[in-house]
Every structure is written in structure tokens, then in C-alpha cells.
Amino acid sequence: MRSKLVAGNWKMHGSRAENAPLVEAILAVSGIESIECVLCPPHVYLADVGRMLRDSSVRLGAQNLSAESAGAFTGEVSAAMLRDVGCQYVIVGHSERRHLYGEDDMLVARKCAAALARGLTPILCLGEQLSEREAGRTHEVIERQLEAVVGLTGIEGFGRAVIAYEPVWAIGTGLTANTEQVREMTEHIRTVAASLSLDGVRVLYGGSVNAENAASLMKEGRVDGFLVGGASLKAESFLAIGQAANDCYDGKR
Ligand code: PGA
């Protein structure tokens, strides 16, 4: 059975002064213990936030990593470094990385492989742009993105990776995919994953998830959790989303 997971992608937000009360407020609340909760602050705050999360069940994740393991790669951060500061998760292939920083399917696949090789769990983002959805190419895009990764890591290697379905047109726009669209896509991704012999892979949804829509996306969208951007910067909304996932807890992790 797949455990529920809610990850907060802080993107390029936060400061030491803002992070501490946010993390404290998240840690102060009980009632979401049955789900896995992950915070993904910017790299410079990972060690700090990691210290705050020590002795808690909330896990640390990064937003990006290098595909390289070490060397003359100015400005890059390796999987081993992320492990060294306590990360267990890393977001890979976020649409902002794909579209603003030109990360193609092969680079995303190499990053996933680098994460897996060092024991990090990648949260692999897949998603179509609006023009691709309108052209009826949504399935093809998602399949191409997933197959590129599995082609490199192999089925065994992909093992514990998590998939986040994030339609590009719904990210940071306030436009959430409706529950029907989310359900159709999560089911499609599970079918494609099963056809690649990836069984039991967790499929999250991301894209303008908030305290109001989380419960219905969870139940009707049949997702295993969420990758949350904007709403993860406020403890109340992030916790409400965690609560919605927790309420769908089925007694198995
Ligand atoms: P959003 O971002 O929740 O602000 O739309 C989601 C994401 O980019 O992961």
C-alpha cells in the first residue's frame, strides 16, 4: 500500500527570520503523523532547516541537484552533499527547471539517476504545457518524460522514486486541474508505470493546491499526496493540506 506524501516546495522564498517560525508552526501541530511530510527549502537553508527538523518525523528535501558527482562545476550541488546535510528527498525535473533553465529529458534522467545512486528519493515532476494539452498530446508528453528516466535508471533503479504530476498551466497560476483531469492523469501515469513494471509508485499532484481544494483532489483525484508550492509558505495552509491527506489515510504506510 502506498503511504501518503505531502511535500512543500518553497522555491526561491524564505529567510532565516521567516523559516524558523514557519518550521516551528508545522512541528507544533499534531494530527498529520500518518503521512510523510517533506520540506524543500532553498539550498542555502537546508542545513538550518535540517537542524530544526531533527528528532521530528518531518523530512528534508532539496529542490534541485547536479547530475555530476563532484568536480569543477561552479554553483552546483551534488547528491552526496544533499545527503550530507540530511536530505532524504530531492525534487527533480520541476517545470521551472525544465522551462526556465532548459533542463531536457536526458538531464532530468541523469539527475534522477544521481539522486538514486546516493540514496535520495527523487520527486520526479512530469507535466504538459497548455499548448500540449490543447493539441491532445498530454499522454505522449508524460510518457516521454517518464520513459527517459526509466530508460536510464532501469526499473530496479527507479524503485523508490515518487512521481509528481504537475501540469505546467496549473503551477502558480491559481488554475488547478479539476479532479476529473487529475484522476485521469494519475490513473494514466499508474498504467504507464505498470506497463514499465514499476509497481506501487506513488503519484502526487502539484499545481495551485491549497487548503480548499486539497480534500477533493485527494479523494476524487485519487492521488497519493501533493507537491505544494505557494501554499507551503504558510503553516496554516500547508497543515490543512497535510490534514486532508492524513484524513485519507487508510491505516497502512
Ligand atoms: P504551486 O506550485 O502550488 O504554487 O502552484 C507547485 C509547484 O511548483 O510544485
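Our structure's up above, just so we're on the same page.
Cut-offs and rules
Residues numbered from 1 in each chain as written. Predicted model: local features only at pLDDT ≥ 70, side-chain atom pairs only at ≥ 80, totals over all residues. Heavy atoms only, no water. Helix = DSSP H or I, 4+ residues; strand = E, 2+ residues; numbered from the N terminus. Rg over C-alpha atoms; globule rule 2.2 N^0.38 Å. Buried < 20%, exposed > 50% of the residue type's maximum accessible area, 1.4 Å probe, protein only. Contact = heavy atoms within 4.5 Å. Salt bridge = Lys/Arg side-chain N within 4 Å of Asp/Glu carboxyl O.

Let's talk about the overall build of the protein chain
Across its full length, the protein chain carries ten helices and eight strands. Relative to the globule expectation of 18 Å for 253 residues, the C-alpha radius of gyration of the protein chain, 17 Å, shows essentially globular dimensions. In terms of overall dimensions, the protein chain has a C-alpha envelope of 45 × 45 × 35 Å along the principal axes. Per-residue burial for the protein chain yields a buried fraction of 53% across its 253 residues. Pairs at least 24 residues apart make up 74% of the contacts formed inside the protein chain by residues separated by at least 6 positions.

Description of the environment of Thr 153
Topologically, Thr 153 is positioned in helix α7 (residues 138-158). The exposure class of Thr 153 is buried, given its relative accessible area of 16%. Along the sequence, Thr 153 and Ala 113 sit 40 residues apart, while their C-alpha atoms lie 5.5 Å from each other.

Quick word on the pattern of salt bridges
Within this structure, the stated rule accounts for 15 salt bridges. The closest approach of N and O atoms between Arg 183 and Glu 187, which form a salt bridge, is 3.5 Å. Note that Arg 183 and Glu 187 are positioned in helix α8 (residues 179-195) at a spacing of four residues, about one turn of the helix. The closest approach of N and O atoms between Arg 222 and Glu 187, which form a salt bridge, is 3.4 Å. Note that Arg 222 is positioned in the loop between α9 (214-220) and β8 (225-228) and Glu 187 in helix α8, a separation of 35 residues in sequence. Overall, the relative accessible area of 34% leaves Glu 187 in the partly exposed class. Linked by salt bridges that have partners in common, Arg 16, Asp 48 and Arg 51 make up one network.

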